[in-house]
Amino acid sequence: MNTPRIEKILIANRGEIALRVMRTCRKMGISTVAVFSDADVRSPHVRFADEAVRIGPAPSTESYLNISAIIEAARRTRASAIHPGYGFLSENADFAKACRAAGIFFIGPGEEVIRKMGLKTTARRLLAETGVPLVPGYDGEDQSVSTLHKQAREIGFPVLIKASAGGGGKGMRIVAAAAQLDSSIESAKREAAKAFGNDTLLLEKYIERARHIEVQILGDSQGNLLHLFERECSIQRRHQKVIEESPSPALPPGLRERICETALSVGRAIGYTSAGTVEFILTPPGEFFFIEVNTRLQVEHPITEMTTGLDLVELQIMIAEGHPIPFSQGEIHQTGHAVEARLYAEDPLNDFRPATGACHTCQFPPAIEGIRIDSGIESGAEVGVYYDPMLAKLIAHGPDRNQALRKLEHALRGTTIHGLRTNRDFLVRMLEHQDFRSGEIHTEFVSEHLEDLIRRISPDEVKLGAAAAALFLHQTLERDAQVLPNIPLDYRNNPYRDPSIRLSVDGEAIEVIWKRLADRRFLISIGDWQVEAEPVEFAPSGIRVSFDGVQRFFRVTQIDDRLFMDLPSGACEVVRLPRYPIHSALAEQADASAPMPGVVSKILVAVGQEIHAGEPLIILEAMKMEQTLIAATDGIVEAILVKQGDVVAPGDVLVHIGATNSTDEGE
Ligand code: ADP
């Protein structure tokens, strides 16, 4: 058979997925072209590729979503195919069409399939005729509020409102009762119109304590269609997956076969080619319903690769070249258990808000058998507001679930991200959680167990961290002390006081006092707490200390007076405080400042306007979140320090609020 050969692929994506696709290309002897925005000039995916082309400024609408710039980049580099990765243009039928029109292979399904499955309402209507079980719901074209009300009552509360064109959990609202329906419809419509340019809504019965089960399918242009078994993705936050595993711990063999068979009937009904995913909701009694088809490679595809031993990107490329799938259904087996955790730049202690800034140190544990790390980040990288905050995926494979979970937990503990807050400790706590370990999971797991999952570091460990930080700083000063080298660093003119240092550990002020007992032995006190410490080894990457006879290495990154540290149960940030506390100006309390990095999407007040506590001032948007800043006190808007479209950092003052001209000033 004379099939075309793909010699060079442009990857229309960034971060870990761009790198992951390029690795397979390299393995297959295919050249790669990266595309990049101005924010990604020095990103790893740009350096890894054989060639790279700038496609526009940082905002994705002007770069990674810019169809003509990407097609032009492929033309200039003579790439014969484009792999879209996930997100961005991966499910954009117009993009697939533009590729075809330019004579470039689009590595994915045909544009008609993408279009058919692109709207959840039309996908449901199409599949309703095939007998695939659908969640009770309303997918009609009449979108009037009265119809939506009537339909919601018929479905029965709780009802889930979804944006038909949605993705990434955006535009979704759980509505518990009819009284909330109006406001939820309105806000879902607004969010959907803004994010997807389409405000069509879908109503579904909200299934409580459900499981998310999805099936990987693979089709070729000869009409072969196979499934590569299921993935369970029930651990979610704001309807977005955080931990995924394969096989699902919840499926008895008969049910697995029925779900996989149903996924194939969905694939057949739409004539699916390439790699795709059919998603289902599984109810607590074991009934399952179709929710959607994702017509692309999924973030969590590596767990399928690890359990089946297949390379999905390689298969996608072969299928795009016109080759048939080189094996039959009976030859695919699920071996062992795989689990993936998504590492995000976000702050679980602050409502999982996205974190931005410099990632000073990024280090993953050394490669061991059964551990795969797909990362798009490296030391020195800046994490900005423009793209998804996922930094990396850690995937573990073991002979059974317990062994896979244990490996993954170990790999996460061995991961260092210093400079940015991440969800690493949240993930570790999840893997340690008894109910998670026993497989008792569902899509509300995170909200139900939030307290356990975002537990802070224990007070004793904070003290240990403060002691290690004090020794690290002491060693740094000792190393750097060039003047009067013969005088010990802790020499004091005052013989009655031991040397001390004031630190803030994750915001808590701590005074650490130490007394030298012998050349390298110290007695460290924090309040009544005491420990004997012996620094064993000092390196720029951290300090090895023996505390009361137990040695441990504390990973540290020092940036001026800030230390980013890893303690046994989590990361923390230590700041060296000045000897005397600085009084903060009381007047600043009324001002509104940014609680997270983001872009100012709307200013709701004007200078001179009188406002009352609780009133909205500004809408900020960061990555996938929108947040309204509200006034903390009554007052007058004295100045607005930002304009629409500005990028702001956490703590930046956005609106100055002055006192109202009331007569009762003072007390
Ligand atoms: P998106 O395309 O935005 O990812 P999905 O339709 O795939 O939206 O749903 C995202 C998640 O929301 C699912 O994984 C599931 O956890 C939850 N979900 C979706 N539909 C339902 C439903 N009818 N009942 C309960 N949970 C649901």
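K.L.:
Give me the lowdown on the pairing of strand β30 (residues 562–567), citing residues and values where you can.
P.N.:
Counting buried residues in β30 gives five out of six residues, a clear majority hidden from the surface. By the bridge criterion, four bridges tie strand β29 (residues 550–559) to β30 in an arrangement that is antiparallel. Bridging across to β30, T557 finds its partner in F564. Where β29 hands over to β30, the hairpin turn is made up of two residues, of which D560 adopts a positive phi near 55°. Bridge count between β30 and strand β31 (residues 570–576): six bridges; the pairing is antiparallel. The partner of M565 across the bridge, within β31, is C572. Between β30 and β31, which follow one another and run antiparallel, lie two residues.

K.L.:
A description of the pattern of salt bridges should follow, citing residues and the corresponding values.
P.N.:
In the structure shown here, the tally under the stated rule is 50 salt bridges. Across the pair K393 and E16 runs a salt bridge, and its minimum N-O distance is 3.0 Å. A residue pair is termed long-range when its members are at least 10 positions apart, and K393 in strand β22 (residues 390–398) and E16 in helix α1 (residues 15–28) qualify at 377 residues. Of the charged contacts in the structure, one is a salt bridge between R401 and E245, with a shortest N-O distance of 2.6 Å. Taken as a pair, R401 in helix α12 (residues 401–413) and E245 in strand β12 (residues 240–246) lie far apart in primary sequence, 156 residues in all.

K.L.:
Run through the nonpolar core, naming residues and quoting values.
P.N.:
In this structure, I235, I243, M430 and F436 are the most contacted members of the largest nonpolar core, which totals 37 residues. Secondary-structure elements contributing two or more residues to this core are β12, β15 (337–344), β21 (381–383), β22, α12, α13 (424–432) and α15 (445–448).

K.L.:
Describe the environment of A188, and please don't skip the residues or the numbers.
P.N.:
For A188, the position within the fold is in helix α8 (residues 181–196). By relative accessible area, which is 0% here, A188 ends up buried. Excluding anything up to four places from it in sequence, A188 contacts I161, G171, R173 and L201.

K.L.:
Tell me about the packing of helix α5 (residues 111–118) against helix α6 (residues 120–128), and name the residues and values.
P.N.:
One way to put it is that α5 packs onto α6 with a least axis distance of 5 Å and a crossing angle of 100°. It follows that α5 is roughly perpendicular to α6 by the angle criterion. Counted together, K116, M117 and G118 of α5 and K120, T122, A123 and L126 of α6 form the full contact between these two elements. Grouping the amino acids of the contact of α5 with α6 by side-chain chemistry returns three nonpolar, two polar and two charged.

K.L.:
Give a description of the site of the ligand that names residues and reports values.
P.N.:
Around the ligand, the surrounding shell holds 21 residues, and the nearest of these are K120, G169, H212, Q236 and E292. In the model, an oxygen atom of the ligand is placed 3.2 Å from a nitrogen or oxygen of the G168 main chain. Burial of the ligand by the surrounding chains reaches 95%, relative to a free accessible area of 550 Å². Contributions of two or more residues to the shell around the ligand are made by β7 (159–163), β9 (201–205), β13 (274–282) and β14 (288–294). Considered class by class, the residues forming the shell around the ligand number seven nonpolar, eight polar and six charged. Domain assignment of the residues forming the shell around the ligand places at least three in each of domain 2 (136–205) and domain 3 (211–453).

K.L.:
Describe the environment of E432, naming the residues involved and giving the relevant values.
P.N.:
For E432, the position within the fold is in helix α13. On the basis of relative accessible area, E432 is assigned to the partly exposed category, the value being 27%. Each C-alpha atom of the pair E432 and A269 lies 42 Å from the other, and the pair is 163 residues apart in sequence. Once residues within four sequence positions are removed from consideration, E432 is found in contact with E409, R413, R437 and R455. Side-chain polar atoms of E432 contact the side chain of R413, separated by 2.5 Å.

Rules used throughout
- Residues numbered from 1 in each chain as written.
- Predicted model: local features only at pLDDT ≥ 70, side-chain atom pairs only at ≥ 80, totals over all residues.
- Heavy atoms only, no water.
- Buried < 20%, exposed > 50% of the residue type's maximum accessible area, 1.4 Å probe, protein only.
- Helix = DSSP H or I, 4+ residues; strand = E, 2+ residues; numbered from the N terminus.
- Pairing = 2+ DSSP bridges.
- Salt bridge = Lys/Arg side-chain N within 4 Å of Asp/Glu carboxyl O.
- Core = buried A, V, L, I, M, F, W, Y, C linked by side-chain atoms within 4.5 Å.
- Contact = heavy atoms within 4.5 Å.
- Axes fitted to C-alpha atoms, helices over the stretch in contact; angles between N-to-C directions.
- Parallel < 35°, antiparallel > 145°, perpendicular 65-115°, else oblique.
- Nonpolar A, V, L, I, M, F, W, Y, C, P; charged D, E, K, R; others polar.
- Near = heavy atom within 4 Å.
- Polar contact = N/O pair within 3.5 Å; in protein donor to acceptor, adjacent residues only side chain to side chain.
- Areas by Shrake-Rupley, 256 points an atom, 1.4 Å probe, with all protein chains shown as cover.
- Domains from an automatic or database assignment.

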